[in-house]
Amino acid sequence: MGDQTPLWEQIGSSFVQHYYQMFDSDRSQLGSIYIDASCLTWEGQPCQGKRAIVEKLTSLPFTKIAHSITAQDHQPTPDNCILSMVVGQLKADDDHIIGFHQCFILKNINDAWVCTNDMFRLAVHNFG
Amino acid sequence: MSCSAILLGENLGKETAVWTEIGDEAEEEDGEDLSEEEIEAKLAGSKSRCVSSHSHLVNLLCDWSNRIPICLPCQQIPHGTKYDKKWLVPALQDICSIPYTPIQVSQCMSKRFDCSQQALDLKSIHTDPDLVSRDIKVVLNRKTNMEAVIKIIEGNIPQLTSLNLSHNCIQRLDELSELVTKVPHLKVLNLSHNDLKSEHELDKLKGLKLVELWLVRNPLCDLFKDPSSYVSAVRQKFPRLLKLDGNDLPPHIGFDVDTPTTLPPCKGSCFGSDDAKVYIQRFLQQYYSVYDSGDRQSLLGAYHDEALFSLTTPCNVQNPSGLREYFKDSRNLKRTKDSTMRFRLLKHTRLNVVALLNELPKTQHDITSFTVDVNAYTVSSRLICHTLIVVDDKSKESIRAFSRVFITVPAVDSGLCIINDQLFIRMATTKEISRAFVAPVPPPSSSQVPTLTAPQQEVVSTFSLKSGMKLEWSLKCLQDNEWDLNKAAHIFTQLKTAGKIPDVAFMK
């Protein structure tokens, strides 16, 4: 096996990099990575489909956002998709730095990797 | 001429015991000649009782069928010596419209029936001396023979709980699938030393609530790569199984719909649907209670054969000790490419996964801390993304958070089976800590509650030394008295003099 990075890790990490770069700069462009069958669960709220997802993300109440990735992990799934998990911190506008946890399922459709499932959580427990 | 009555009884009405009046002639083999018609008439109509002089085996068999007491000695068809069996048997068969088995088989089976255990031993029945001596071959790998045997069981002992069919060259279980409906209380089944070629044969018996199964010495056993995949394949078909081939199986993660679980509400979680919610909450509850139990071996049942597991944990210089127990191999640290040092392990196949899980520190999770998100990812698989607060059993100081993702597929026993598992372990945030373990978690025998500050711990130790009480009792006393050491000491002395403090509170 050697030190060669497995394919799923390469794809996963380049996706993650691309995703957060786009998110931090202009998140309205994020539609390109989702398809109509994609599902997003954002802090417990579900959205389905490319349009709904982009709407949700662009309507989030901050203008500036910066993500910093603490760790990421990628695994292949039995049906040749990739499960990616990201843990990191973000800072929105002038808020405090908050931890977050996000996971993606990436699928290869027509030679392009798209995101079919996306689940995002802030690292603060909602007890209330 | 009656002992086929037990089988003919069905034809003639169950209440009718067709017994000829044997009377004193019972012992004599030579009666008068009866014509064919007379025999038929006797079979068709008479209702008489069997003479109790043949009671030596009646008692044994009254339980077998409490409708029709059977008398075995009469199994020699009286007057039969005058008539060739070859003629009589077909004659009887003509009268009786149901498939007919010579009474000897039924007799033989009844000898092998243990009423006290509700157990029937049909091991090697084709070599049974009683049958062989009469030229009767009951070869259970033949459909008709097996069907007949099952019919006898169904008709006489449907409450059977244990059945031994070993050493019978059985190749297929098609006929045995009748047992699922006809003998529903069957718990113990021995199919060892037979000729079953594939585990799919066992699918025909699904629905039997087997607790003990013997399969050893069947060709199907050799098809498994390793013992645990054999065990788990069998367990998937029979979820209640406790013993396989004589070996006790570890308790199984059950997904019984019958057992209710009380789960605290997961606030803010998104399950996708209410059905999924109950299902998945139960799965997580069971998973983590095994995870916390100290032996994670039975998690094997929760994972798919080809499961993948990876564990990631950050290691930064500021807090090197907190996650140390999760670093097994320092070689890996040097190999990681990230600038933030990171430790990762990736395990493939369920055996490796559970082996690794068993080596991780013992934990206790806070069940109120779950946040769970579920997405359907294909028609049947689920993506379960969850976070929970976990305390390491040994060093109560470090409270961690698991951020974990499962991809699950449906398991054969209508449970869930994990095929991908990604775990990220980090130290909990202060906010998470302050909210953790708010609901009292029963403390393990001798250690302190995790949320104590250092000064508090000191007070508890002092109090414990002075009072002689164990730490958790000292803690309770202090907590009950607002951490006022003097007040607590006063109350303690009062209670002690009054003899109200149990012995178990004191350190030995």
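Residues numbered from 1 in each chain as written. Chains lettered and ligands numbered in written order. Predicted model: local features only at pLDDT ≥ 70, side-chain atom pairs only at ≥ 80, totals over all residues. Heavy atoms only, no water.

Chain B is annotated in an unreviewed UniProt entry as Nuclear RNA export factor 1-like from Gouania willdenowi. Its UniProt record, at the heading Sequence similarities (unreviewed entry), says of chain B: "Belongs to the NXF family." (UniProt positions renumbered as here; feature names shortened; annotations may be inferred.)

Under an unreviewed UniProt entry, the name given to chain A is Nuclear transport factor 2, and the source organism is Gouania willdenowi.

## Some remarks on the environment of E154 of chain B
Structurally, E154 of chain B can be placed in helix α7 (residues 143–156). The sequence separation of E154 of chain B and L179 of chain B amounts to 25 residues, and the corresponding C-alpha distance is 8.2 Å. (Helix = DSSP H or I, 4+ residues; strand = E, 2+ residues; numbered from the N terminus.)

## Remarks on the packing of aromatic side chains
Under the definition given, this model contains 20 aromatic pairs over all chains. Seen in terms of ring centroids, F100 of chain A and F120 of chain A are 5.8 Å apart; in terms of plane orientation they differ by 20 degrees. Their pairing is stacked. In this pair, F100 of chain A is assigned in strand β5 (residues 98–109) and F120 of chain A in strand β6 (residues 112–122), connecting sequence segments 20 residues apart. When the ring centre of Y291 of chain B is taken as origin, the NZ or CZ atom of R296 of chain B, which lies over that ring, is 3.9 Å away. (Phe/Tyr/Trp six-rings, centres within 6.5 Å; stacked < 30°, edge-to-face > 60°. Lys NZ or Arg CZ within 6 Å of the ring centre and 35° of its normal.)

## Observations concerning the pairing of β6 of chain A
Residues and elements named next belong to chain A. The element β6 is largely enclosed, with a buried count of eight among its 11 residues. Bridging between β5 and β6 involves 10 bridges; their strand directions are antiparallel. Paired with C103 across the bridge in β6 is M119. The loop that links β5 with its antiparallel partner β6 comprises two residues; one of these, N110, has a positive phi angle of about 50 degrees. (Buried < 20%, exposed > 50% of the residue type's maximum accessible area, 1.4 Å probe, protein only. Pairing = 2+ DSSP bridges.)

## So, the environment of A401 of chain B
All names here are of chain B. The topology assignment puts A401 in strand β13 (residues 399–410). What makes A401 buried here is its relative accessible area of 0%. In the structure, A401 is positioned 10 residues away from V391 in sequence and 8.3 Å away in space, judged by C-alpha atoms.

## Observations regarding unusual backbone geometry
A negative phi angle characterises most non-glycine residues, just as the trans form characterises most peptide bonds. At D93 of chain A, a position not held by glycine, the phi torsion is positive, near 45 degrees. Among the secondary structure elements, D93 of chain A is positioned in the loop between β4 (82–92) and β5.

## A word on the sheet that holds strand β1 (residues 34–42) of chain A
Working definition: the strands of a sheet are paired by backbone hydrogen bonds and lie parallel or antiparallel to each other. Residue and element names in this part refer to chain A. Overall, mixed pairing links the six strands, which are arranged β2-β1-β6-β5-β4-β3 in an open sheet. Each having just a single partner strand, β2 (45–48) and β3 (65–76) make up the two edges of the open sheet. Averaged over all adjacent pairs, the angle separating strand axes in this sheet is 20 degrees, with direction ignored. Note: β4 against β5, nine bridges, orientation antiparallel. Across the sheet, the residue bridging to I82 is L106, located in β5. (Axes fitted to C-alpha atoms, helices over the stretch in contact; angles between N-to-C directions.)

## Some points on the sheet that holds strand β4 (residues 188–190) of chain B
Residues and elements named next belong to chain B. The strand order across the open sheet formed by seven strands is β1-β2-β3-β4-β5-β6-β7, and the pairing between neighbours is mixed. Across the chains shown, the open sheet's two edge strands, defined by having one partner strand only, are β1 (113–114) and β7 (247–248). By the bridge criterion, two bridges tie β1 to strand β2 (residues 119–121) in an arrangement that is antiparallel. Note on β2: the bridge partner recorded for F113 is L120.

## Some remarks on helix α2 (residues 50–58) of chain A
Residue and element names in this part refer to chain A. All of the buried residues along α2 are I53, V54, K56 and L57. For α2, the arc enclosing every buried residue in end-on projection is 160 degrees, short of the 170-degree limit, so these residues lie on one face. Away from its buried face, by an angle of more than 90 degrees, α2 presents the exposed residues R51 and E55. Buried positions along α2 lie against α1 (7–25), β1 and β2. (Arc of directions from axis to C-beta. Contact = heavy atoms within 4.5 Å.)

## What about the packing of helix α14 (residues 454–467) of chain B against helix α16 (residues 485–497) of chain B?
Residues and elements named next belong to chain B. Close contact between α14 and α16 brings their axes to 11 Å; oriented N to C, the two are set at 30 degrees. Here α14 is positioned roughly parallel relative to α16, judged by the angle of their axes. Seen from above, α14 lies across α16 with right-handed handedness. Each of V459, F463 and S467 in α14 lies in contact with α16, whose residues at this interface are L485, A488, A489 and F492. Tallied by class, residues from the contact of α14 with α16 come to six nonpolar, one polar and no charged. (Parallel < 35°, antiparallel > 145°, perpendicular 65-115°, else oblique. Left-handed = near helix turned anticlockwise from the far one by under 90°. Nonpolar A, V, L, I, M, F, W, Y, C, P; charged D, E, K, R; others polar.)

## Comments concerning the environment of L249 of chain B
Residues and elements named next belong to chain B. Its place among the elements puts L249 in the loop between β7 and α10 (274–291). Residue classification places L249 among the buried positions, given a relative accessible area of 12%. As for L249 and R235, which are separated by 14 residues in sequence, their C-alpha atoms are 9.4 Å apart. Apart from the residues within four sequence positions on either side, L249 is in contact with V231, R235, L241, L242, K243 and L244.

## A look at the pattern of salt bridges
Residue and element names in this part refer to chain B. In this structure the tally under the stated criterion is 16 salt bridges over all chains. A salt bridge links K143 to E147, with the shortest nitrogen-to-oxygen separation between them at 3.8 Å. Of the two residues, K143 and E147 both sit in helix α7, four residues apart, roughly one turn of that helix. A salt bridge links K204 to D174, with the shortest nitrogen-to-oxygen separation between them at 2.9 Å. Taken together, the residues K204 in the loop between β4 and β5 (212–214) and D174 in the loop between β3 (162–164) and α8 (178–182) connect sequence positions 30 residues apart. You can call K204 partly exposed: its relative accessible area is 27%. Overall, D174 belongs to the partly exposed group, its relative accessible area being 33%. (Salt bridge = Lys/Arg side-chain N within 4 Å of Asp/Glu carboxyl O.)

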